Amino acid sequence: MDEIVGEFLVESYENLDRLDADLLALEEDPSRPDLLASIFRSIHTIKGTCGFLGYAKLERVAHVGESLLSRLRDGELVLTPEITTALLRLVDAVRLMLASVEANGSDGDGDWSDLVAQLEALQQRGAPSVVPAPTDAVAVGVLAPDSPAPGRALGTELATAPPAGADDGDRLGELLVAAGSVTPDAVLLASYAQQLGDERRIGEVLVDHGATDQDEVNDALRAQKERRGSVSDSSVRVDVGLLDDLMNLVSELVLARNQILQHSASRDTVASGTLQRLNLITTEFQEAVMKTRMQPIRNVWSKFPRVVRDLAMSCGKQVRVEMEGEHTELDKAIIEAIRDPLTHVIRNAVDHGIEAPEKRLAAGKPAEGRLRLRAYHESGQVNIEVLDDGGGIDPERVRAKAVERGLLTEAHSRELTERELVGLIFSPGFSTADKVTNVSGRGVGMDVVKTNIEKIGGTVDIQSELGQGTTLRVKIPLTLATIPAFIV
């Protein structure tokens, strides 16, 4: 890949991640001109660079979005939920075209005319635009939150794959688009369905709705295993001061090595002092190198407000996301490992935990539910808490479901404490949902969370109070690298 294109992709992916967060923050507080200016600059940068590189389709879509943002910035339009949704759709479209650029060097052959028309209509009138419904086969029923899930018998490879939300789900769609197997619109609609809580993978959604066939999905899965990570995953931003410290430590290490070589034949005090100095420098050098891999947990959390917004709208709920400790740092490998488990937890909290506004008002609660994310360091580990003020988990209902599914006998279930009963939600295939929808009820999710967290040496614990809410705590190591320890 050309170096200039690679730098453009890295910068653009970073801008898109920031755009998601800024758009949701602006929707919550439209009176912040700094956010609007930041959003405008990000889109303007992408548009200018892709025009220079010759990606005309990407430039066209970004230009229409920039024009709409310009009118918002100048005060000619007022931000509405319809405009926010359209701009978020623009971000998704740009991300899909960037993936095509990374895969095959072009911005794809997708037809984004309906998105352009929607943005132009909003720009002209500032009102919700009427856009024809997509005619692609995958569009039928994908976004209906109450539609039952189609059968999952889609072949061995998909049947044994991890559930939706795995970190390679979007990349599978990108590979299918790059291969010409599906249209970008079909993948975009399937990814929308996942954001709204559909537990199926993108390949399953596309096959079930006739957008592609099983053989093409299997080919893409095989290619996916051989494909390296995204260009945005291959680089890490490191503070210049930290790099200076590393360079100084390397210089000190070389000097200490040279002194050891000079005095290796003797056992005088000079050699002894040099060894102690070498030990100290090596320890500091190891700690500094480990710091280069540390990333703030906000890199994961930044995507959750968008997930919560889309899912809450589909469920008819009002949810406010609060974050504490977003600057807590973790090893990049740990960050990637916890992304999908935390996504499952967030979706469960919105769907199962937080009640509908009318139910909350009847219980004496505010109509808007609260979802709080908290992270902090403790005893050499990182603690992550997901708290909601919803209805909590009913231990008696869990007991009844466990007995009904044959997980426990009636006598054994009576011996368990309330906390032990609540812990049964981590059992494979367990669900207390009354019916299966695109959002929940299939019994996948929490067992995957527990398994994936334990793979990296972490633990999961859950506490719930009926009518008051649920708290899920995850404890994970700071890093998977070698660290010094005492064995007592």
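Residues numbered from 1 in each chain as written. Predicted model: local features only at pLDDT ≥ 70, side-chain atom pairs only at ≥ 80, totals over all residues. Heavy atoms only, no water.

**Considerations on the overall build of the protein**
Point 1. Within the protein, the regular secondary structure consists of 20 helices and seven strands.
Point 2. Across the 488 residues in the protein, those meeting the buried criterion constitute 47%.
Point 3. Taking all contacts inside the protein whose residues are at least 6 apart in sequence as the whole, residues at least 24 apart take part in 74%.
Point 4. For the protein, the accessible area works out to roughly 23,900 Å², and carbon and sulfur atoms hold 53% of it. (Helix = DSSP H or I, 4+ residues; strand = E, 2+ residues; numbered from the N terminus. Buried < 20%, exposed > 50% of the residue type's maximum accessible area, 1.4 Å probe, protein only. Contact = heavy atoms within 4.5 Å. Areas by Shrake-Rupley, 256 points an atom, 1.4 Å probe, with all protein chains shown as cover.)

**Considering the pairing of strand 6 (residues 459–465)**
Point 1. Two elements, strand 6 and strand 7 (residues 469–477), share seven bridges in a ladder whose sense is antiparallel. Following the sheet pairing, Val-460 is matched in strand 7 by Val-474.
Point 2. Taking the residues that link successive antiparallel strands as the turn, the strand 6-strand 7 hairpin has three residues, and the phi of Gly-467 there is positive, at about 85 degrees. (Pairing = 2+ DSSP bridges.)

**Brief notes about the environment of Val-217**
Point 1. Position of Val-217 among the secondary structure elements: in helix 10 (residues 214–226).
Point 2. The exposure class assigned to Val-217 is buried, which follows from its relative accessible area of 0%.
Point 3. Distance from Val-217 to Leu-172, taken between C-alpha atoms, is 8.1 Å for residues 45 residues apart in sequence.

**Focus on a negative patch on the surface**
Point 1. Where like charges cluster on the molecular surface, the negative patch consists of Asp-2, Glu-3, Glu-7 and Glu-11.
Point 2. Structurally, Glu-3 can be placed in helix 1 (residues 3–28).
Point 3. Taking the relative accessible area as the measure of exposure, Glu-3 reaches 62% and is therefore exposed. (Patch = residues over 30% accessible without salt bridge, like charges linked within 9 Å, V, L, I, M, F, W, Y side chains within 5 Å. Salt bridge = Lys/Arg side-chain N within 4 Å of Asp/Glu carboxyl O. Lys, Arg positive; Asp, Glu negative; His and termini not counted. Charge placed at Lys NZ, Arg CZ, Asp CG, Glu CD.)

**Remarks on the nonpolar core**
Point 1. One finds Leu-87 and Leu-206 to be the most contacted residues of the largest nonpolar core, which totals 61 residues.
Point 2. Within the second largest apolar cluster, 44 residues are counted, among which are Ile-338, Leu-371, Val-449 and Ile-453. (Core = buried A, V, L, I, M, F, W, Y, C linked by side-chain atoms within 4.5 Å.)

**Details of the sheet that holds strand 2 (residues 319–324)**
Point 1. Read across the sheet, five strands follow the order 2-4-5-7-6 without closing on themselves; strand pairing throughout is mixed. Here the strands that pair on one side only, and so sit at the sheet edges, are strand 2 and strand 6. Averaged over neighbouring strand pairs, the angle between their axes works out to 15 degrees when direction is ignored. (Axes fitted to C-alpha atoms, helices over the stretch in contact; angles between N-to-C directions.)

**What about the pattern of salt bridges?**
Point 1. Enumeration over the complete set of coordinates arrives at 31 salt bridges.
Point 2. Of the charged contacts, one joins Glu-324 and Arg-372 as a salt bridge, the two residues approaching to 2.2 Å between their closest N and O atoms. Taken together, the positions of Glu-324 in strand 2 and Arg-372 in strand 4 (residues 369–378) put the pair 48 residues apart, joining distant regions of the chain.
Point 3. Owing to a relative accessible area of 26%, Arg-372 belongs among the partly exposed residues under this scheme.
Point 4. One salt-bridge network, held together by shared partners, links Asp-17, Asp-20, Glu-27, Asp-92, Arg-95, Lys-303, Arg-306, Arg-309 and Asp-310.

**A closer look at the confidence of the model for the protein**
As a general rule, the predicted coordinates of low-pLDDT regions are not to be interpreted in detail.
Point 1. Looking at the protein as a whole, the pLDDT averages 76, with 76% of positions reaching at least 70.
Point 2. Segment residues 127–170: pLDDT under 50, and 89 contacts once partners within four positions in sequence are set aside and those in other chains are kept. (pLDDT = per-residue confidence, 0-100.)

**Observations concerning the packing of helix 1 against helix 2 (residues 33–53)**
Point 1. Across the interface, helix 1 lies against helix 2 with an axial gap of 9 Å and an inter-helix angle of 155 degrees. In terms of axis orientation, helix 1 runs roughly antiparallel to helix 2. The element helix 1 and its partner helix 2 pack so that their crossing is left-handed. Where helix 1 abuts helix 2, its residues Ile-4, Phe-8, Glu-11, Ser-12, Asn-15, Leu-16, Arg-18, Leu-19, Asp-22, Leu-23, Ala-25 and Leu-26 lie against Leu-35, Leu-36, Ser-38, Ile-39, Ser-42, Ile-43, Thr-45, Ile-46, Thr-49, Cys-50 and Leu-53.
Point 2. Grouping the constituent residues of the contact of helix 1 with helix 2 by class yields 14 nonpolar, six polar and three charged. (Parallel < 35°, antiparallel > 145°, perpendicular 65-115°, else oblique. Left-handed = near helix turned anticlockwise from the far one by under 90°. Nonpolar A, V, L, I, M, F, W, Y, C, P; charged D, E, K, R; others polar.)

**Here we look at the packing of helix 1 against helix 4 (residues 81–104)**
Point 1. Where helix 1 meets helix 4, the closest approach of the two axes is 10 Å, and the angle between their N-to-C directions is 165 degrees. Overall, the two elements helix 1 and helix 4 adopt an arrangement that is roughly antiparallel. Our pair here, helix 1 against helix 4, has a crossing hand that is left-handed. Residues Val-5, Phe-8, Leu-9, Ser-12, Tyr-13, Leu-16, Asp-17, Leu-19, Asp-20, Leu-23, Leu-24 and Glu-27 of helix 1 touch helix 4, and the partners they reach there are Pro-81, Thr-84, Leu-87, Leu-88, Val-91, Val-94, Arg-95, Leu-98, Ala-99, Val-101 and Glu-102.
Point 2. Split by residue class, the contact of helix 1 with helix 4 holds 16 nonpolar, two polar and five charged.

**Here we look at the environment of Trp-112**
Point 1. For Trp-112, the position within the fold is in the loop between helix 4 and helix 5 (113–125).
Point 2. Residue class for Trp-112 comes out buried when judged on its relative accessible area of 4%.
Point 3. Between the C-alpha atoms of Trp-112 and Arg-60, which are 52 residues apart in sequence, the distance is 9.6 Å.

**What about the side chain of Ser-12?**
Point 1. Looking at the element boundaries, Ser-12 is found in helix 1.
Point 2. One polar contact links the side chain of Ser-12 to the main-chain carbonyl oxygen of Phe-8, over a distance of 2.7 Å.
Point 3. Excluding residues within four positions of it along the chain, Ser-12 makes contact with Ile-46 and Leu-98. (Polar contact = N/O pair within 3.5 Å; in protein donor to acceptor, adjacent residues only side chain to side chain.)

**A look at helix 20 (residues 446–455)**
Point 1. Turning to helix 20, its buried residues number three or more, namely Met-446, Asp-447, Val-448, Val-449 and Ile-453.
Point 2. Buried-residue contacts for helix 20 involve helix 15 (332–353), strand 6 and strand 7.
Point 3. Positive phi appears at Gly-457, one or two residues downstream of helix 20, with a value of about 80 degrees.

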